[in-house]
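Given next are the chains, with one letter for each unit.
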Amino acid sequence: MAYVGNGHVATVIFSDFIYMNGLYNGANGTSHRARIPSTHNWQFKLESLSSSLYSLDVASGVFTEKLENAQVRIERRIFASQEYTELLLAHVVITRLTSKGHPIIVPVEVNEQTTSIDFDLQVSSRDDKHVLLSGTTREVENNLFQSNRLSLFMYYTPLPTNGFQLGAQETSRTYLFVTSLDTEQARAKRSFDYASNEREPDEIWSSHVSLWNQVWLNGRIEIRDDVELQRQVNSALYYILSSLPPLSTRSEHKQFYGLSPGSLSRGGRLGEDYGGHSFWDTETWMYPSILLFHPTLAKEILSYRIALRDAAMYNAKLFGYVGWRYPWESARTGIDVTPDCCPEVRLYQMHITGDIAFAARQYIAGTRDQSWLKNEMGGDLIYETARFWASRAVYNSDRKQYEILIVFVENATIKQADVVLLGFPLMWPMSKEVRRNDLLTYERMTRDDGPAMTWSMHAIGHLELKDFELAEELFRRSYETYVRPPFNVWTEARSGVGAVNFITGAGGFLQAVFFGYGGLRLTLNELEVMPPSRLPNRSTQLAFHGLKYNGATFDLRIEKEMYHVSVRTLNNNNSQSMLYEHEQQRGSLRVNDILSFPVGTRLIIHLATSLCP
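Counting from 1, residues in each chain are numbered in the order their sequence is written. At least 70 in pLDDT is required for a residue's local features to be given in this predicted model, at least 80 for side-chain atom pairs to be given and counted, and no such filter applies to totals for whole chains, interfaces and linings, which use all residues. With hydrogens and water excluded, all non-hydrogen atoms of the structure serve as input to the side-chain values.

A. Quick peek at the domain arrangement of the protein. Here the bounds of each domain stem from an automatic or database domain assignment. The domains assigned to the protein are domain 1 (3-218), domain 2 (278-404), domain 3 (409-512) and domain 4 (526-606). Of note, the centres of domain 3 and domain 4, computed from C-alpha atoms alone, are 26 Å apart. With seven residues of domain 3 at the interface, the matching set in domain 4 holds six residues. Buried area: the accessible area, evaluated with a 1.4 Å probe, that two parts lose upon being put together, summed over both parts. For the pair domain 3 and domain 4, the summed buried area comes to about 640 Å², and 45% of that belongs to carbon and sulfur atoms. When the buried area of domain 3 at its contact with domain 4 is split by residue, Phe-468, Glu-472 and Arg-476 rank highest and sum to 61% of it. One speaks of a salt bridge when a side-chain nitrogen belonging to Lys or Arg is within 4 Å of a carboxyl oxygen belonging to Asp or Glu. Here domain 3 and domain 4 share two salt bridges between them. Of the residues forming the side of domain 3 that touches domain 4, the biggest block, five residues, is contributed by helix α13 (residues 468-477). When checking whether two residues touch, look at their non-hydrogen atoms; a contact exists if any pair is within 4.5 Å. Labels follow the DSSP assignment, with helices taken as runs of H or I lasting at least four residues and strands as runs of E lasting at least two, numbered in each case from the N terminus.

Below you can see the structure in the form of structure tokens.
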């Protein structure tokens, strides 16, 4: 089933639980997302249905249920508000389909739960307008880094126990059921009161829709003549964005606590959906596509790692190193919450610290954000992860080189892409022969039950090598058997097992679109554009609207033989010129410029001064 979320709260539609960013229960390896009883898992008891329709509109972030019989039509819209992130809302419209003169009552099946295995909860107050459910989690994650159990305050609108009613002369009535959740009571109440008393239900809904529309105007991918691929791209972006904070909101800024493979909407059970933990999936698989469209959200992702720096320092010292060593699995505190079943993973999967450092590098390459470096501890993140790797290396006097020893390696087969990541995203210099050999060798070595991201990376590699038929086969393999209809929900494995709402796979798939068929490469000093001479699947045009690079905004439109780069905005606060190079052609970019070149040729865009001269 689809989910709705806004980076602070999320829920799978009609499920029993709501989840909140950063709200975990359980000690160390048993830490998992704390299960909050859902206030949106109730159902209408409408008899003799003539039609029922369930739809997810990713353009507006709204899930809609439409039910109809001979007497009445019901339309319920469920959404996690972009305007106030504490809010999870149900907007219900009851419409009469028969003549006036008699009342209509639509019964509802109330499934109110006020207990949870993860909380000590109590109903603090209740009347006909609101219920306040409050309490704390049952366990802290780690005594060294979490002093107190986490609080929850949830205000919600009680359901009408006598059903939804239309008066004898009413043609329609609109209801708004408000749930407001936060760790601070004042904030939860303020948002509840706003939605319940200060705005009309239609205004609450339309404001949310408007803010989602702005998200898509800020960055989107357009595919011509391949409706199915367009749906896949739209839903993949939607599901990742729904686990991230809004671009614009009236809520107070809150610390972001990372992306999990199973999204913000899952992770409440040990052994399922990775407990809502953050892995390398965040920086390696989901982050790159977000950076090119929404650099402010990319910074939010990095802020999670910076916020948990004390635990990263502790982790390094624990193993005899210096600097910041990030855990393989992270939740609330930054201590390693890898379950006890996997001690070798906890010990040896140190590459996550490199993944985080590379993400920081790419953020600076794409933004030149000096304030982040100097004032928001971005520079500390880069420096301290480098110190860790320096302490991790040992000098081999025989070979006269530094080496990193005791590296965790899988044997005859691998679960997912590893060596091929040297080609992309690391862009390690190598010959075409070596690149092709890596790809072909590891295609054979990858387990059949592995996740989708492997095939996205192989597709990118074969597009680089102009192996277009094989690239398309692998591109299709990267999503077609991992996505479940009707709402394009990703699963970790093709069989449907593993994590569900698997936004790691969605992130890998999007990279194949951006960096494979889009031909984009971001290095420290330049943005490279070199689309291959093949469009994805049956499409006749691929367009990226709202690419961001060092304060500038570009549109990239790729056709069968030509590609076009349009300059929408430039950074007025930057005294440096934005330059371009294409073969022998060079010049400065200006707003409204359009550059057109043959596909398969390289365009370089860069600032006048190198980041590292």
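B. Structural detail: the packing of aromatic side chains. Stacked, edge-to-face and tilted labels apply to pairs of Phe, Tyr and Trp rings (six-membered ring for Trp) whose centres lie within 6.5 Å, assigned for plane angles under 30 degrees, over 60, and everything in between, in that order. A complete count under the given rule lists 38 aromatic pairs for this structure. When the ring of Trp-42 is compared with that of Phe-164, the centres are 5.8 Å apart and the planes differ by 25°; the resulting orientation is stacked. With a gap of 122 residues between them, Trp-42 in the loop between β6 (36-37) and β7 (43-44) and Phe-164 in strand β17 (residues 164-166) connect regions that are remote in the sequence. A 1.4 Å probe rolled over the protein chains alone gives each residue an accessible area, and that area as a share of the maximum for its type sets the label: buried under 20%, exposed over 50%, partly exposed in between. With a relative accessible area of 0%, Phe-164 lands in the buried category. Pairing Tyr-84 with Tyr-194 gives two aromatic rings, centres 4.6 Å apart and planes at 50°, and the pair type is tilted. Separated by 110 residues along the polypeptide, Tyr-84 in the loop between β10 (72-80) and β11 (87-96) and Tyr-194 in helix α1 (residues 185-198) bring together distant segments of the chain. Each member of the pair, Tyr-84 together with Tyr-194, is buried. Here the aromatic cluster, defined as three or more aromatic residues joined through ring pairs, consists of Tyr-3, Trp-212, Trp-216, Tyr-238 and Tyr-239. Over a ring means this: the NZ of a Lys or the CZ of an Arg is within 6 Å of the ring centre and within 35 degrees of the ring normal. Directly above the aromatic system of Phe-319 lies the positively charged group of Arg-325, at a separation of 4.3 Å from the ring centroid.

C. Representation of the pattern of salt bridges within the structure. For the coordinates displayed, the defined rule picks out 43 salt bridges. Close ionic contact of Glu-252 with Arg-187 constitutes a salt bridge, the shortest N to O distance being 3.1 Å. Residue Glu-252 is found in the loop between α3 (227-241) and α4 (281-293), and its partner Arg-187 is found in helix α1; the two are separated by 65 residues along the sequence. A relative accessible area of 41% means that Glu-252 is categorised as partly exposed. One salt bridge connects Lys-299 with Asp-369, and the closest N-O pair in it is separated by 4.0 Å. Here Asp-369 lies in the loop between α8 (351-367) and α9 (370-375) and Lys-299 lies in helix α5 (residues 295-307), a separation of 70 residues in the sequence. Taken together, the shared-partner salt bridges connect Asp-182, Glu-184, Arg-187, Arg-190 and Glu-252 into one network.

D. Just the nonpolar core, in detail. We call a set of buried Ala, Val, Leu, Ile, Met, Phe, Trp, Tyr and Cys residues a nonpolar core when their side-chain atoms join them within 4.5 Å. If you look at the biggest cluster of nonpolar residues, it comprises 134 residues, and the most contacted ones within it are Ile-221, Trp-490, Phe-509, Phe-514, Phe-544, Phe-554 and Ile-605. Per-element accounting of this core gives the leading share, nine residues, to helix α14 (residues 503-517). Residue contacts for Phe-509: discarding those within four places in its chain leaves Leu-229, Gln-232, Val-233, Ala-236, Ser-456, Phe-475, Ser-478, Tyr-479 and Trp-490. Formed by 17 residues, the second largest nonpolar core is a distinct cluster that contains Leu-46, Val-92, Leu-159 and Phe-177.

E. Representation of the side chain of Asn-488. Along the chain, the position of Asn-488 falls in the loop between β22 (483-484) and β23 (489-490). Given a relative accessible area of 5%, Asn-488 falls into the buried group. At a separation of 3.2 Å, a polar atom in the side chain of Asn-488 contacts the side chain of Ser-235. Not counting residues within four places of it along the chain, the set of residues in contact with Asn-488 comprises Arg-231, Gln-232, Ser-235, Tyr-239 and Val-483. Between N or O atoms, a polar contact is any pair within 3.5 Å; within protein, one atom must be a potential hydrogen donor and the other a potential acceptor, and residues adjacent in sequence are included only when both atoms are from side chains.

F. Here's a closer look at the packing of α4 against α8. It is at 10 Å that the axes of α4 and α8 come closest, and there the two elements cross at 10°. One element, α4, and the other, α8, form an angle in the roughly parallel class. In contact with Glu-283, Thr-284, Tyr-287 and Leu-291 of α4, α8 contributes Asp-355, Ile-356, Ala-359, Gln-362 and Tyr-363. Class assignment of the residues belonging to the contact of α4 with α8 gives a composition of five nonpolar, two polar and two charged. Geometry is summarised by axes, namely lines fitted to C-alpha atoms with helices restricted to the contacting stretch, and by angles between N-to-C directions that run from 0 to 180 degrees. Every angle not falling under 35 degrees, over 145, or within 65 to 115 is termed oblique; those three ranges are roughly parallel, roughly antiparallel and roughly perpendicular. Each residue gets one of three labels, nonpolar for Ala, Val, Leu, Ile, Met, Phe, Trp, Tyr, Cys and Pro, charged for Asp, Glu, Lys and Arg, and polar for the others, Gly among them.

G. Quick look at the packing of helix α11 (residues 432-445) against helix α12 (residues 453-464). Between α11 and α12, the shortest axis-to-axis distance is 10 Å and the interhelical angle comes to 150°. It follows from the interaxial angle that α11 and α12 lie roughly antiparallel. For the element pair α11 and α12, the recorded crossing hand is left-handed. Here Arg-435, Leu-439, Leu-440, Tyr-442 and Glu-443 of α11 lie close against α12, whose contacting residues are Trp-455, Met-457, His-458, Gly-461, His-462 and Glu-464. Residues that form the contact of α11 with α12 fall into these classes: five nonpolar, three polar and three charged. Handedness of each helix crossing follows the sense of rotation of the near helix against the far helix: counterclockwise by less than a right angle gives left-handed, clockwise gives right-handed.

H. Structural detail: the pairing of strand β30 (residues 585-588). Of the strand pairs in this sheet, strand β29 (residues 578-582) and β30 are connected by four bridges, and their pairing is antiparallel. Residue pairing in the sheet places Tyr-580 in a bridge with Gly-587 of β30. The hairpin turn running from β29 into β30, its antiparallel successor, is two residues long, and Glu-583 in that turn takes a positive phi close to 50°. Whether two strands pair depends on DSSP finding at least two bridges between them.

I. How the structure looks around the sheet that holds strand β16 (residues 151-156). Across the sheet, eight strands lie side by side as β8-β9-β10-β11-β18-β16-β15-β14; this open sheet has antiparallel pairing. Each of the sheet's edge strands pairs with one partner strand only, and the pair in question is β8 (51-57) and β14 (119-126). In this sheet, adjacent strand axes meet at a mean angle of 15° when their direction is disregarded. As paired strands, β8 and strand β9 (residues 62-68) are joined by seven bridges and run antiparallel to one another. Within the sheet, the bridge partner assigned to Leu-56 lies in β9 and is Phe-63. Sheet strands in contact with α1 are β11, β15 (131-137), β16 and β18 (172-182), and its direction is about 170° off that of β18.

J. Fine view of the UniProt feature "domain: Glycoside hydrolase family 65 central catalytic" (unreviewed entry) in the protein. As recorded in UniProt, the sites labelled "domain: Glycoside hydrolase family 65 central catalytic" (unreviewed entry) are residues 268-405. For residues 268-405, the helix share is 58%, the strand share is 4%, and the end-to-end C-alpha distance is 36 Å. UniProt positions are given in the numbering used here, feature names are shortened, and annotations may be inferred rather than shown by experiment.

K. Representation of unusual backbone geometry within the structure. Put simply, Phe-424 and Pro-425 share a cis peptide bond, and its omega is 20°. Mapped onto the fold, Pro-425 is located in the loop between β21 (401-403) and α11. Here Pro-485 and Pro-486 are connected by a cis peptide whose omega angle stands at 0°. In this structure, Pro-486 sits in the loop between β22 and β23. Unusually for a residue other than glycine, Ser-48 sits at a positive phi of about 50°. For Ser-48, a relative accessible area of 67% translates into the label exposed. In this model, Met-377 sits at a positive phi of 70°, which is unusual for a non-glycine residue.

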